[in-house]
Amino acid sequence: MTEFVKIPLFPLGVVLLPGMHMPLHIFEERYKQMISECLAQERPFGIVLFDGGSIRSVGCMARITKVLKRYDDGRMDIMTRGGKRFVIREMLQDRSYMEARVFFFDDALEDAPVRELEQAVNAALKLIESSPDIDRFPSALGETVDPKSLAFAIAAMEGFTPAERQGILEMTSPLERLEKCVQALSRIVARNRLTLEIRQLISGNGHPTKSILRELEDQSKG
C-alpha cells in the first residue's frame, strides 16, 4: 500500500537531483516562513520544477545543510542538498506557502549490465574535467560508486538544462539514466570544444574552417 506524506513545497525554475548541492536565496514572505519552520523542526522540504505555466508532478526533497547568511529583513541564503524523489498526489493550500501530499519512489530493480557503461561515462568525465574551458564537476562525484549516484552527479554539472535534469530525475532505470547522461555529455563536450576553437580563432583574427561551420550547423539542428 502506498504511503502518502505531507511536505512543504517550493516550486522553482530549477531541478534538484538526489545528492546535488543547491544554494537558494529566500526572499518571499511565505517562503521565509516555510524555511524558518523547516530549520526549527529540522525538516526537509520539496523542490519541484515550475516552468512558468505548470508545476511538474515529480520533485526532490531538499535538506538545509547550512544557513549561509541572514539579512535584517528576514531574507536568507541557504545551502541545500537533494534527497529522496517524490510524486505529487495532491496539492494543498492550507498554509501561506504551498504544501503537497506525496509518495516517495526509487529505482526499479533490474539486472542490466552497467559496468561497461560506467567505464564509458568515467572516461567521458575525465575528458571533460581535463578541458580548460568548462566548469568543474561536483566534488561529491569522486565519491560515487553506484550507477544511480553517478548519473545524478553527472546531471548536476553545468550544461544540463532543467528539462534534461527533470527527465533524469523521473527515470527509474539506472541503465537508461546513464545512457541519457552519456548522450548529453557528448553534446556538451562537442559544444565546449567548438566554443573554445571559435574563441581561439577570434582572438587570433582567424576564420572558421569548413569543418567547424559544419559542426555548428549540426549542433543547431540537434
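Summarised in this report is the structure supplied together with it. On a predicted model such as this, the values are computed, not experimentally measured, just so you know.

### Remarks on the overall build of the protein
Moving on, step 1. Assigned secondary structure in the protein consists of six helices and six strands.
Moving on, step 2. Secondary structure elements of the protein occur, N-terminal to C-terminal, as β-β-α-β-β-β-β-α-α-α-α-α.
Moving on, step 3. Classification of the 222 residues of the protein by burial places 39% in the buried group.
Moving on, step 4. Considering only contacts in the protein between residues 6 or more positions apart, those separated by 24 or more positions represent 64%.
Moving on, step 5. Total accessible area on the protein stands at roughly 12800 Å², and carbon and sulfur atoms take up 51% of it.

### Let's talk about the environment of E179
Moving on, step 1. Topologically, E179 is positioned in helix α5 (residues 174-203).
Moving on, step 2. When the C-alpha positions of E179 and V121 are compared, they lie 8.9 Å apart, and in sequence the two are 58 residues distant.

### Points about the nonpolar core
The nonpolar side chains of soluble globular proteins are, as a tendency, buried together.
Moving on, step 1. One finds F10, L24, F45 and I47 to be the most contacted residues of the largest nonpolar core, which totals 42 residues.
Moving on, step 2. Once residues within four sequence positions are removed from consideration, F10 is found in contact with L24, I26, Y31, M34, F45, G46, I47 and V48.
Moving on, step 3. In this structure, L9, V48, A100 and V102 belong to the second largest nonpolar core, which totals nine residues.

### Quick word on the side chain of R85
Moving on, step 1. Mapping R85 onto the fold places it in strand β5 (residues 76-92).
Moving on, step 2. Relative accessible area serves as the criterion here: at 3%, R85 is assigned to the buried category.
Moving on, step 3. At a separation of 2.9 Å, a polar atom in the side chain of R85 contacts the main-chain carbonyl oxygen of L169.

### Here we look at the pairing of strand β6 (residues 99-105)
Moving on, step 1. As defined by bridge partners, strand β1 (residues 5-12) adjoins β6 across four bridges and the pair is classed as antiparallel. Each bridged residue has a counterpart across the sheet, and for P8 the counterpart in β6 is E99.
Moving on, step 2. In the sheet, β5 pairs with β6 via seven bridges, with the strands oriented antiparallel. Paired with R85 across the two strands is F105, which belongs to β6.

### A look at the packing of aromatic side chains
Moving on, step 1. Under the criterion given, the structure shown has three aromatic pairs.
Moving on, step 2. A centroid spacing of 4.2 Å and a plane angle of 20° characterise the contact between F10 and Y31, whose relative ring orientation is stacked. Of this pair, F10 sits in strand β1 while Y31 sits in helix α1 (residues 29-41), placing them 21 residues apart in sequence.
Moving on, step 3. Look at F10 and you get buried, because its relative accessible area is 7%.
Moving on, step 4. When its relative accessible area of 4% is taken as the criterion, Y31 is described as buried.
Moving on, step 5. An aromatic cluster is built from F10, Y31 and F45, whose rings are joined through pairwise contacts.
Moving on, step 6. Stacked on the ring of F104, the Lys or Arg K84 has its end atom at 5.2 Å from the ring centre.
Moving on, step 7. Directly above the ring of F152 sits R177, whose terminal nitrogen or CZ lies 4.5 Å from the centroid.

Quick notes on the rules
Residues numbered from 1 in each chain as written. Predicted model: local features only at pLDDT ≥ 70, side-chain atom pairs only at ≥ 80, totals over all residues. Heavy atoms only, no water. Helix = DSSP H or I, 4+ residues; strand = E, 2+ residues; numbered from the N terminus. Buried < 20%, exposed > 50% of the residue type's maximum accessible area, 1.4 Å probe, protein only. Contact = heavy atoms within 4.5 Å. Areas by Shrake-Rupley, 256 points an atom, 1.4 Å probe, with all protein chains shown as cover. Core = buried A, V, L, I, M, F, W, Y, C linked by side-chain atoms within 4.5 Å. Polar contact = N/O pair within 3.5 Å; in protein donor to acceptor, adjacent residues only side chain to side chain. Pairing = 2+ DSSP bridges. Phe/Tyr/Trp six-rings, centres within 6.5 Å; stacked < 30°, edge-to-face > 60°. Lys NZ or Arg CZ within 6 Å of the ring centre and 35° of its normal.

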